[in-house]
Amino acid sequence: MAYPYVSDKEVSVVSKGFGDPLQRRIDTYVERGGYGALKKALGMGPDDVTEIVKDSGLRGRGGAGFPTGVKWSFMPKDNAKPHYLLCNADESEPGTFKDRELMRWNPHQVIEGCLIGAYAIRAKHVYIYCRGEFFEANQILARAVEDAYAKGYCGKDILGSGHDIDVTVHQGAGAYICGEETGLMNSLEGQRGQPRVKPPFPAAVGAFGMPSTINNVETLCAVPHIVEHGGAWYRQWGTEKSPGTKLFCVSGHVNRPGNYELPLGFPLSELIEDVCGGIRDGNALKAVIPGGSSVPIINAEEVARCSLDYEGCVEVGTMLGCASVIVMDDTTNIVKQVRRMADFYAHESCGQCTPCREGSAWTAQILRRIENGSGTEADLDTLMEMTQQMVGTTICVLSDSVAAPVQSSINKFRDEYMALIHAESSAEPAGVA
Ligand SMILES: Cc1cc2nc3c(=O)[nH]c(=O)nc-3n(C[C@H](O)[C@H](O)[C@H](O)COP(=O)(O)O)c2cc1C
Ligand code: SF4
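For clarity, every value in this text was computed on a predicted model and none was experimentally measured. (Residues numbered from 1 in each chain as written. Chains lettered and ligands numbered in written order. Predicted model: local features only at pLDDT ≥ 70, side-chain atom pairs only at ≥ 80, totals over all residues. Heavy atoms only, no water.)

Draft legend 1. Highlighting the overall build of the protein chain. Across its full length, the protein chain carries 18 helices and eleven strands. Over its C-alpha trace the protein chain gives a radius of gyration of 22 Å, about what one expects of a compact globule, namely 22 Å for 433 residues. Counting only C-alpha atoms and orienting by the principal axes, one finds that the protein chain spans roughly 75 × 45 × 35 Å. Residues classed as buried in the protein chain amount to 57% of the 433 residues present. Relative to all contacts within the protein chain whose residues are 6 or more apart in sequence, the contacts with residues 24 or more apart total 71%. (Helix = DSSP H or I, 4+ residues; strand = E, 2+ residues; numbered from the N terminus. Rg over C-alpha atoms; globule rule 2.2 N^0.38 Å. Buried < 20%, exposed > 50% of the residue type's maximum accessible area, 1.4 Å probe, protein only. Contact = heavy atoms within 4.5 Å.)

Shown next, in the form of structure tokens:
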């Protein structure tokens with residue numbers, strides 16, 4: 001995929017090099033200043049590196065938005081046990097396609113971010129857990145790691161610093177739940193990819209029972225830039241509580257879907273209208289899911305008030321998540337969309353927790369009944385009550401992710417559910433998307 005469209009609103013920090021195959025080559029990466037931040041970091045103490053990242057206010061780009069420097073500071077300061085850095089490259093959230101592009105276009109940026117992160121948390125081994133279906137990204141990363149070893153950026157005594165850091169690219173096993181941090185650790189260890197009960201938290205007992213930190217690909221890609229230019233530089237973008245830039249993956253009914261790097265706090269309506277060229281075919285906007293399929297849907301009125309930062313999304317009743325903006329125009333059958341999401345979660349539930357295993361399957365089944373014209377008004381009450389019992393009652397938040405689109409769509413688009421419930425025939429309702 002080429003990246004021909006760059007608007008004057010976009011900022012090129014982590015997306016630098018997108019669309020340029022030369023950026024993948026280690027020599028080009030180094031010529032353009034790459035691995036300079038690693039050199040700088042190795043000349044500092046690990047805790048000083050963590051401090052710079054803390055100062056920048058960088059928040060995890062994998063969905064939860066937890067401050068990265070604070071997370072790193074939870075790791076033990078000694079090396080009584082081996083430490084691990086895990087780079088979460090499993091990217092399976094519906095609507096999300098940013099980490100894949102970061103790995104495809106700029107693999108050395110990912111590796112440099114991992115090496116700096118590992119140094120800061122005193123880890124001697126990095127595992128990049130890359131989604132199994134990303135064949136190309138896996139190959140590109142593996143090649144880049146090989147080149148980085150050959151040039152002395154990985155392995156023993158990196159850049160003559162006396163520090164050893166190994167990097168392993170691990171191909172994932174093809175399940176959404178392996179992106180959840182403890183599910184990923186189990187999968188990496190060769191066990192079933194099922195999330196673990198917390199506590200203990202990964203900084204105490206993580207991969208292979210050792211202190212571990214897990215970070216998303218995009219989070220780690222921001223790190224070399226922050227180390228090179230400083231925390232204040234990164235804060236020139238974004239808001240006080242959500243500093244920096246973010247890759248927004250825009251899909252659905254816009255004229256120009258794609259990845260756009262923008263300052264956090266960017267208005268959602270401006271993203272749709274100006275950056276993405278507006279809604280297709282001159283249609284009207286109906287709804288948006290701003291953070292991947294796990295967050296509440298918002299309607300057109302809420303879209304107009306939504307700024308794309310962690311706090312701005314909460315203000316309109318949703319979440320930024322991993323910033324995967326799914327745009328739906330007025331031809332969309334909302335019930336069908338929500339049913340598709342419920343099918344996805346029912347399929348991906350790992351089955352450990354009853355509310356998730358049973359609740360996700362029943363949610364999908366009831367939604368299908370409504371979609372087919374055989375539902376009742378009582379089904380809506382059942383859906384609301386049942387999904388409420390799926391929130392905060394399970395080992396991981398996959399279960400909560402089922403509740404978010406179901407509850408928000410019933411609250412905001414109840415008339416669409418009612419139209420299907422009271423329709424005389426079970427024919428496919430208007431809307432094909
Ligand atoms: C069901 C589920 C799937 C997840 N999938 C991913 C994923 O594919 N990639 C990712 O980075 N984080 C994913 N996460 C979030 C991770 O558990 C974790 O919070 C994240 O990797 C931490 O990195 P960060 O602090 O840099 O955001 C998922 C969480 C859940 C509950
Ligand atoms: S909430 Fe669902 S996916 Fe998460 S551990 Fe429980 S059963 Fe597995």
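Draft legend 2. Here's a closer look at the packing of helix α16 (residues 377-388) against helix α18 (residues 414-421). The geometry of α16 relative to α18 is characterised by a closest axis approach of 9 Å and an angle of 135° between their N-to-C directions. On the basis of their axis angle, the class for α16 and α18 is oblique. Mapping the contact onto sequence places Glu377, Leu380 and Asp381 in α16 and Arg414, Tyr417, Met418 and Ile421 in α18. Among the residues making up the contact of α16 with α18, the classes are represented as four nonpolar, no polar and three charged. (Axes fitted to C-alpha atoms, helices over the stretch in contact; angles between N-to-C directions. Parallel < 35°, antiparallel > 145°, perpendicular 65-115°, else oblique. Nonpolar A, V, L, I, M, F, W, Y, C, P; charged D, E, K, R; others polar.)

Draft legend 3. Up close: the sheet that holds strand β5 (residues 245-252). Taken together, five strands build an open sheet; the order of strands is β6-β5-β11-β8-β9 and the sheet is mixed. This sheet does not close on itself; its edge strands, each paired only once, are β6 (258-263) and β9 (298-299). Direction of pairing for strand β8 (residues 285-289) relative to β9: antiparallel, over a ladder of two bridges. By the bridge assignment, Val288 is partnered in β9 with Ile298. (Pairing = 2+ DSSP bridges.)

Draft legend 4. Inspection of the nonpolar core at higher detail. Counting 55 residues, the largest nonpolar core has Tyr35, Met103, Ile111 and Leu115 as its most contacted members. Per element, the largest residue contribution to this core is eight residues, and it comes from helix α6 (residues 107-120). Once residues within four sequence positions are removed from consideration, Leu115 is found in contact with Tyr35, Leu38, Tyr153, Cys154, Ile165 and Val167. Membership of the second largest hydrophobic core comes to 33 residues, among which are Met341, Phe413, Tyr417 and Ile421. (Core = buried A, V, L, I, M, F, W, Y, C linked by side-chain atoms within 4.5 Å.)

Draft legend 5. The domain arrangement of the protein chain, seen in detail. Segmentation of the protein chain into domains returns domain 1 (21-234), domain 2 (245-329) and domain 3 (334-421). The gap between the C-alpha centroids of domain 1 and domain 3 is 35 Å. Listed by partner, the interface residues are eleven residues for domain 1 and eight residues for domain 3. Buried area between domain 1 and domain 3, summed over both chains or domains, comes out near 810 Å², and the portion from carbon and sulfur atoms is 67%. For the pair domain 1 and domain 3, the interface holds zero salt bridges. The interface formed by domain 1 and domain 3 holds three residue pairs in polar contact (both at pLDDT 80 or more) in total. Per-class residue counts for the side of domain 1 that touches domain 3 are six nonpolar, two polar and three charged. (Domains from an automatic or database assignment. Buried area = accessible area lost by both parts, 1.4 Å probe. Salt bridge = Lys/Arg side-chain N within 4 Å of Asp/Glu carboxyl O. Polar contact = N/O pair within 3.5 Å; in protein donor to acceptor, adjacent residues only side chain to side chain.)

Draft legend 6. Geometry of the pattern of salt bridges. Summed over all chains, the structure comprises 28 salt bridges. Among the salt bridges present, the one from Arg196 reaches Glu189, with a minimum N-O distance of 2.8 Å. Where Arg280 meets Asp329, a salt bridge forms, and the shortest distance between an N and an O atom there is 2.8 Å. In this pair, Arg280 is assigned in the loop between α11 (268-275) and β8 and Asp329 in strand β11 (residues 324-329), connecting sequence segments 49 residues apart. For Arg280, a relative accessible area of 27% puts it in the partly exposed group.

Draft legend 7. Main features of the pairing of β5. Here β5 lies mainly inside the structure; seven of its eight residues are buried. Judged from the six bridges that link them, β5 and β6 form a sheet pairing that is antiparallel. Looking at β6, one finds that Leu247 is bridged to Glu261. The antiparallel hairpin formed by β5 and β6 contains five residues in its connecting segment. Bridging between β5 and β11 involves four bridges; their strand directions are parallel. Counted as the bridge partner of Cys249 is Ser324 from β11.

Draft legend 8. Structural detail: the site of ligand 1. Around ligand 1, the surrounding shell holds 18 residues, and the nearest of these are Gly62, Lys71, Asn88, Asn216 and Thr219. Between ligand 1 and Arg61, the relevant distance is 3.4 Å, taken from an oxygen atom to a main-chain nitrogen or oxygen of the residue. Within the backbone of Glu91, an N or O atom sits 3.1 Å from an oxygen atom of ligand 1. When ligand 1 is considered free in solution it has 610 Å² of accessible area, and contact with the protein chains removes 89% of it. When residues of the shell around ligand 1 are assigned to their parent elements, the largest contribution, three residues, is made by strand β4 (residues 212-216). Its residues assigned to classes, the shell around ligand 1 shows four nonpolar, eight polar and six charged. (Near = heavy atom within 4 Å. Areas by Shrake-Rupley, 256 points an atom, 1.4 Å probe, with all protein chains shown as cover.)

Draft legend 9. Summary view of helix α17 (residues 398-412). The end-to-end C-alpha distance of α17 is 22 Å, a good match for the 21 Å that 15 residues give at a rise of 1.5 Å each. Taken together, the buried residues of α17 touch α14 (334-348), α15 (354-371), α16 and α18. (Expected span 1.5 Å × (residues − 1).)

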